[in-house]
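Listed here are the chains, written in short residue letters.
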Amino acid sequence: MGIRAQNASLILADDLVADGKILFTFEEAQRRLGRSRAATGNVLKRMVTAGLIDRVRHGHYVVRQLGVLGTPSVAEEIALAVAAAFASIPHRMAYRTALDEHDLITHPSRSIQVASTKRIRARTLSGRPLRIVKESENMIGVGAIVSGESCVSDLERALLDAARRPMLVGGAAVLAEAVAAGGESIDPTRLAKYAQTLGWSSALRRVGSIADALALQGVAGRLSPLKAISADLDLEPGSSQTCAWRDARWRIRWPQPVDEIKAVVLQ
């Protein structure tokens, strides 16, 4: 990197840090540098190569945190990449990404899953596949908590998301693993409140069935259906597997025997 370009990079980085800016856009960088689009693009490319910043999607950047220089910032702090990409759009990290944030699964997905009121054009964030689940504005904030510059589903919302659409997180076994890992940290009252607010009685039934069948301390026996159950429900919708066991109380059809799933998630 030439002396002039190096100076411009350091000045921009210093200005951003001094102003407390972690996230910034191409347009903001151009304004701060006072250069043409081509010259600004060259400076930003050099800053990415030097490890000063990370490009999370077209026109959106994040200043790399101290201690993660030389590595993609999203590897250490996914929230920064998500916040930079979605900016002012109401969103939260959800589904498998949220389960990983709460340390509920042993094999996190490479993709980043975000619930958002709007879709963005980007298909990747910092080189990782992006999966967007569109939600209405009155749903997006239920159970959302601040995570750095972004938002993430809290424990109960993360479990309900996974229980509503198990295939998005990897299936019934992953859902059971997450519920088991949550265990005594799960607040049954909050879980039921969220399910009632969202109208997700089926999701609550799946969580309740797993908690009772696996005899999970702190949550087993503490959940009740939101309404009278009138039909059976699959633990893993869309699965080609036949029913291996039926939970009579929750009327949930399991694709695998309870002991088989228990052996995997409670080992």
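A brief report on the enclosed structure follows. (Residues numbered from 1 in each chain as written. Predicted model: local features only at pLDDT ≥ 70, side-chain atom pairs only at ≥ 80, totals over all residues. Heavy atoms only, no water.)

### With respect to the sheet that holds strand S3 (residues 60–63)
And then number 1: The strand order across the open sheet built from 3 strands is S1-S3-S2, with neighbouring strands paired in antiparallel fashion. In the strand order of this sheet, the two ends are held by strand S1 (23–25) and strand S2 (53–57), each with one partner. Recorded for the sheet is a direction-independent mean angle of 35° between the axes of neighbouring strands.
And then number 2: As paired elements, S2 and S3 share 4 bridges and run antiparallel to each other. Bridge assignment links arginine 57 to a residue of S3, and that residue is histidine 60.
And then number 3: Helix-sheet contacts for helix H2 (residues 26–33) involve S1 and S3, and the interaxial angle to S1 is about 80°.
And then number 4: The strands that helix H5 (residues 78–86) touches are S1, S2 and S3; relative to S2, the one it contacts most, it runs at about 55°. (Pairing = 2+ DSSP bridges. Helix = DSSP H or I, 4+ residues; strand = E, 2+ residues; numbered from the N terminus. Axes fitted to C-alpha atoms, helices over the stretch in contact; angles between N-to-C directions. Contact = heavy atoms within 4.5 Å.)

### Some remarks on the pairing of strand S8 (residues 144–147)
And then number 1: Where S8 and strand S9 (residues 150–153) come together, 4 bridges link them in antiparallel fashion. Bridge pairing links isoleucine 145 to valine 152 in S9.
And then number 2: Once S8 ends, the chain turns through 2 residues before running back antiparallel as S9, passing glycine 148 with a positive phi of about 65°.

### Remarks on the nonpolar core
And then number 1: One finds Phe86 and Leu99 to be the most contacted residues of the largest nonpolar core, which totals 65 residues.
And then number 2: At 7 residues, helix H10 (residues 172–182) tops the list of elements feeding residues into this core.
And then number 3: Among residues more than four places away in sequence, those in contact with phenylalanine 86 are His91, Val114, Ser116, Lys118, Ile120, Leu130 and Ile132.
And then number 4: Among the nonpolar cores identified, the runner-up in size contains 14 residues, and Phe26, Ala29, Leu33 and Val63 belong to it. (Core = buried A, V, L, I, M, F, W, Y, C linked by side-chain atoms within 4.5 Å. Buried < 20%, exposed > 50% of the residue type's maximum accessible area, 1.4 Å probe, protein only.)

### A closer look at helix H12 (residues 201–213)
And then number 1: The end-to-end C-alpha distance of H12, which contains 13 residues, comes to 18 Å, matching closely the 18 Å that a straight helix rising 1.5 Å per residue would cover.
And then number 2: The buried count for H12 comes to 11 of 13 residues, which makes it a mostly enclosed element.
And then number 3: Of all the residues in H12, the buried ones are Ser201, Ala203, Leu204, Arg205, Arg206, Val207, Gly208, Ser209, Ile210, Ala211 and Ala213. (Expected span 1.5 Å × (residues − 1).)

### Considering the packing of aromatic side chains
And then number 1: Summed over all chains, the structure comprises 2 aromatic pairs.
And then number 2: Ring centres 5.5 Å apart and planes at 15° place the aromatic pair phenylalanine 24 and tyrosine 61 in the stacked group. Note that phenylalanine 24 is positioned in strand S1 and tyrosine 61 in strand S3, a separation of 37 residues in sequence.
And then number 3: Between tryptophan 245 and tryptophan 254, the aromatic rings sit 5.4 Å apart at their centres with planes inclined by 80°, giving edge-to-face as the arrangement. (Phe/Tyr/Trp six-rings, centres within 6.5 Å; stacked < 30°, edge-to-face > 60°.)

### Remarks on the side chain of threonine 40
And then number 1: With respect to the helices and strands, threonine 40 occurs in helix H3 (residues 37–50).
And then number 2: Residue threonine 40 is classed as buried on the basis of its relative accessible area of 0%.

### Re a positive patch on the surface
And then number 1: Residues Arg119, Arg131, Lys134, Arg164 and Arg165 make up a contiguous surface patch of positive charge.
And then number 2: By the secondary structure assignment, lysine 134 is in strand S7 (residues 128–134).
And then number 3: The exposed category is assigned to lysine 134, whose relative accessible area is 52%. (Patch = residues over 30% accessible without salt bridge, like charges linked within 9 Å, V, L, I, M, F, W, Y side chains within 5 Å. Areas by Shrake-Rupley, 256 points an atom, 1.4 Å probe, with all protein chains shown as cover. Salt bridge = Lys/Arg side-chain N within 4 Å of Asp/Glu carboxyl O. Lys, Arg positive; Asp, Glu negative; His and termini not counted. Charge placed at Lys NZ, Arg CZ, Asp CG, Glu CD.)

### Describing H5
And then number 1: Burial analysis of H5 places 9 of its 9 residues in the buried class, the great majority of the element.
And then number 2: For H5, every residue scored as buried is listed here: Ile78, Ala79, Leu80, Ala81, Val82, Ala83, Ala84, Ala85 and Phe86.
And then number 3: Directly beyond the C-terminal end of H5, a positive phi value near 45° is found at alanine 87.

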